[in-house]
Amino acid sequence: MKITVCIGSSCHLKGSRNVVEELQYLIAENNLKDKVELGGTFCMGKCQDGVCVTVDDKFYSVSPETVKEFFDKEVLAKV
Amino acid sequence: MRKFDTKVQYLKYKVLREVARQAWNDTLLENLLEIPKIIVPGKEPTMRCCVYKERAILSERVKLAMGGDPNNHNCIEVIDIACDECPIGGYEVTNACRGCLAHRCEDVCKRGAITFDHNHSAHIDKSKCVECGACAKVCPYGAITDNVRPCVRSCKVKAISMDEDRTAVIDNDKCISCGACVYQCPFGAIMDKSYILNVIDMLKKSEKNSKYKVYAVVAPSIASQFTYAKLGQVVSGIKALGFFTVVEAALGADMVAFAEAKELAEKGFLTSSCCPAFVDYIKKQFPDLAPYISHNLSPVATISKYMKEKEPDCKIIFIGPCTAKKMEFKKEEVKPYIDSVITFEELQALFDSRGIDITLMNEDVLDNASYYGRIFARSGGLSDAVKQGLKEQGLENFDLKAVPCDGIDACRIALLKASKRVLDGNFIEGMACSGGCIGGAGCLTHGEKNKAEVDKYGKEAMEKNIYDAISVLK
């Protein structure tokens, strides 16, 4: 599974660093380092919906507040 | 609204703008020979002896705007017919000499080179004069001038000399492509080659970023540029040109600061690798010190490498203050990551070639880097960042003695000392331009406030620590 988080300016200001750090933590905590690849990109062209995240090319709008919920539902449940 | 420091820059800009305009419209080949006439219409000369010479020189500027002489690998070129063959006599007494009684000039001259004629006017015996300048300093009338060509004076690496026609020539074995002469020549006879046509071509062929994405990576010195508008408006303007998005080179600087701090702690002595002109200078003038050049790529190459690894088919254009970057991106180790380089001057020309008035645009955002990455743009910033990098990695025990060198003269002194092993320091921060990148030849304007602008921009960064900015890149 490949998770990509936008770290472009707009998403960065909306807290993409917190999203990335939280995902890094959750991936490590659930021992998913071998199964989940986490990467960054600069802009997905949907700045209004930031923080922009894709999981295997499917788009999600995530915020630092909803990242745990997103991880449980879209990553942990499907991996 | 003052966009440029000098009229030479303005003239160069007009050429770039017109070439770009024709290129966007696919009419460049058709109208190529008309461009000089578009810029200088009518029959009255405005700059030179006649319109024909003006147009002949403009044709040469058009060539440089289109990439210049492909057989000359240096990105800095002399336009020989534009060179005014300025006087080169060194110290000379002008007719402002009043034939006074004091003769301070004679007393101060240790070589006995000053004599007086029957009118008591001073003369300098060139066979004795060593060009020390002491006489010029003491003359109460300022009657003694130093006739050194502005290009020669600006070239701190002594790469400029005269050919038999008294035209300036650049020794490519010495030139570090810093562009100081480009900015200083009052006749605009030395110019940097432009790659705007490659950039326009890449933007066009991307078909609005659908074929591949075109990224702009901007240097942090942009904070001191385009002062007639807001930075966010500049970002909007860059996107309006067709770039997919804008990324701060300063994020690459954050990465470099971290890696360079670590490398320094391991090796014990290092010279910085951010400034391509400084790196080139070491390789050409102090080859013995070349092994101590940091092995890190420059900030822009570092961030571009990250981006290309994530997205191999994207295109990356660096927009900055620097002419030497036009050499750096052609190096084997950098070539895979950066597709082209343009300056702030050229960005202004591109905006206007598309009729983009950035002052009317909404403010977009630009925030990728930390305070420390952003202050790389001014002299001393890199040293501060390396200090912070050591601290954040728990390497404070390493006793950093940074030697920030502002301009190539200061670099030379530090490198000389280092080569003789008498330098009181273990990290040479070398910046070829005066003030650091904010003094770059490709800047639109150079001013006292630029350093403060960069510091202000640094403080506006959301991330205050280097680690916070680069933690997302893992």
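Residues numbered from 1 in each chain as written. Chains lettered and ligands numbered in written order. Predicted model: local features only at pLDDT ≥ 70, side-chain atom pairs only at ≥ 80, totals over all residues.

A few words now on the overall build of chain B. A tally of helices and strands in chain B yields 20 helices and 15 strands. In terms of overall dimensions, chain B is globule-like: its C-alpha atoms have a radius of gyration of 24 Å, near the 23 Å expected for 474 residues. Dimensions of chain B, computed from the C-alpha atoms along their principal axes, are close to 80 × 65 × 40 Å. Counting every position in chain B, which comprises 474 residues, the buried fraction comes to 49%. Pairs at least 24 apart in sequence give 74% of the contacts found in chain B among residues at least 6 apart. (Helix = DSSP H or I, 4+ residues; strand = E, 2+ residues; numbered from the N terminus. Rg over C-alpha atoms; globule rule 2.2 N^0.38 Å. Buried ≥ 20, exposed ≤ 12 C-beta atoms within 10 Å, placed from the backbone. Contact = placed C-beta atoms within 7 Å.)

This next bit is on the overall build of chain A. Scanning chain A from terminus to terminus reveals three helices and four strands. Put simply, chain A runs from its N terminus to its C terminus through helices and strands in the order β-α-α-β-β-β-α. The C-alpha atoms of chain A give a radius of gyration of 11 Å, which matches the 12 Å a tight globule of 79 residues would have. Counting only C-alpha atoms and orienting by the principal axes, one finds that chain A spans roughly 30 × 20 × 20 Å. The proportion of buried residues among the 79 residues of chain A is 35%. For chain A, restricting intrachain contacts to residue pairs at least 6 apart in sequence, the fraction spanning at least 24 positions comes to 69%.

Compared with the 26 Å implied by 1.5 Å per residue over 18 residues, the 25 Å span of helix H1 (residues 7-24) of chain B between its first and last C-alpha is a close match. In terms of burial, H1 of chain B is a largely internal element, 13 of the 18 residues being buried. (Expected span 1.5 Å × (residues − 1).)

A word on the packing of helix H11 (residues 249-267) of chain B against helix H13 (residues 299-310) of chain B. All names here are of chain B. At a minimum axis distance of 7 Å, the contact between H11 and H13 shows a crossing angle of 100°. It follows that H11 is roughly perpendicular to H13 by the angle criterion. From H11, Ala249, Ala250, Leu251, Gly252, Ala253, Met255 and Val256 reach across to H13, where they touch Pro299, Val300, Thr302 and Ile303. (Axes fitted to C-alpha atoms, helices over the stretch in contact; angles between N-to-C directions. Parallel < 35°, antiparallel > 145°, perpendicular 65-115°, else oblique.)

Each side of the interface is counted separately: chain B has 16 residues, and chain A has 16 residues. Secondary structure elements with two or more residues in the side of chain B that touches chain A: strand E10 (245-248) and H13 of chain B.

A separate point is the domain arrangement of chain B. As assigned here, chain B comprises domain 1 (1-66), domain 2 (90-147) and domain 3 (197-473). Centre-to-centre, using C-alpha coordinates, domain 1 of chain B lies 43 Å away from domain 2 of chain B. (Domains from an automatic or database assignment.)

Turning our eyes to something else, we now look at the sheet that holds strand E2 (residues 37-41) of chain A. Residues and elements named next belong to chain A. Spatially, the four strands line up as an open sheet ordered E2-E1-E3-E4, and their pairing is mixed. At either margin of the open sheet sits one strand with a lone partner, and together these are E2 and strand E4 (58-61). Averaged over all pairs of adjacent strands, the angle between strand axes in this sheet comes to 25°, irrespective of strand direction. Direction of pairing for strand E3 (residues 52-55) relative to E4: antiparallel, over a ladder of four bridges. The residue bridging cysteine 52 from the neighbouring strand is serine 61, located in E4. The sheet contacts of helix H2 (residues 16-29) involve strand E1 (2-6), E2 and E3, and relative to E1 the element is tilted by about 160°. (Pairing = 2+ DSSP bridges.)

On to the sheet that holds strand E11 (residues 270-271) of chain B, then. Whenever strands of a sheet pair, they do so through backbone hydrogen bonds, lying parallel or antiparallel. All names here are of chain B. Spatially, E11-E15-E14 is the arrangement adopted by the three strands of the open sheet, whose pairing is parallel. Looking at which strands have only one partner, the edges of the open sheet turn out to be E11 and strand E14 (402-406). Looking at chain direction, E14 and strand E15 (residues 427-431) are connected through five bridges and run parallel. Of the residues in E15, the one forming a bridge with alanine 402 is phenylalanine 427.

Looking now at the nonpolar core. Membership of the largest hydrophobic core comes to 160 residues, with the highest contact counts inside it found for Ile190, Ile196, Tyr215, Val217 and Ala432 of chain B. At eleven residues, the largest contribution of residues to this core is made by H11 of chain B. Looking at which domains feed residues into this core, each of domain 1 (1-66) and domain 3 (197-473) of chain B gives three or more. When neighbours within four sequence positions are excluded, tyrosine 215 of chain B is seen to be in contact with Phe42 of chain A together with Phe243, Phe244, Thr245, Val247, Met307, Cys314, Lys315 and Ile316 of chain B. (Core = buried A, V, L, I, M, F, W, Y, C linked by C-beta atoms within 7 Å.)

For the rest of this paragraph, the subject is helix H10 (residues 231-240) of chain B. Structural remark: α-helix, 3.6 residues per turn; residues separated by three or four positions point the same way. Residue and element names in this part refer to chain B. Burial within H10 is extensive, with seven of its ten residues counted as buried. Those residues of H10 not exposed but buried are Leu231, Gln233, Val234, Val235, Ser236, Gly237 and Ile238. Those residues of H10 that are buried lie in contact with strand E9 (214-218), E10 and helix H15 (344-353). Downstream of H10 by one or two residues, glycine 242 has phi in the positive range, about 120°.

Further remarks concern the packing of H11 of chain B against helix H17 (residues 381-392) of chain B. Packed helices, taken two at a time, are described by the angle their axes make and the gap between the axes. Residue and element names in this part refer to chain B. Relative orientation of the contacting elements H11 and H17 amounts to 70°, with a least axis distance of 8 Å. Accordingly, the angle class assigned to the pair H11 and H17 is roughly perpendicular. Like other packed secondary-structure pairs, H11 and H17 cross with a definite hand, here right-handed. Each of Ala253, Ala257, Phe258, Glu260, Ala261, Leu264 and Ala265 in H11 lies in contact with H17, whose residues at this interface are Ala385, Val386, Gln388, Gly389 and Leu390. The class makeup of the residues in the contact of H11 with H17 is nine nonpolar, two polar and one charged. (Left-handed = near helix turned anticlockwise from the far one by under 90°. Nonpolar A, V, L, I, M, F, W, Y, C, P; charged D, E, K, R; others polar.)

Further remarks concern unusual backbone geometry. The omega angle of the peptide bond from glycine 50 of chain A to valine 51 of chain A is 5°, so this bond is cis rather than trans. With respect to the helices, strands and loops of the structure, valine 51 of chain A is situated in the loop between E2 and E3. Unusually for a residue other than glycine, aspartate 57 of chain A sits at a positive phi of about 75°. Following the sequence through the fold, aspartate 57 of chain A ends up in the loop between E3 and E4. Residue aspartate 57 of chain A is classed as exposed on the basis of its C-beta count, with 7 C-beta atoms lying within 10 Å. Positive phi, normally seen in glycine, also occurs at arginine 166 of chain B, with a value near 65°. Here arginine 166 of chain B is to be found in the loop between strand E6 (160-162) and strand E7 (168-170).

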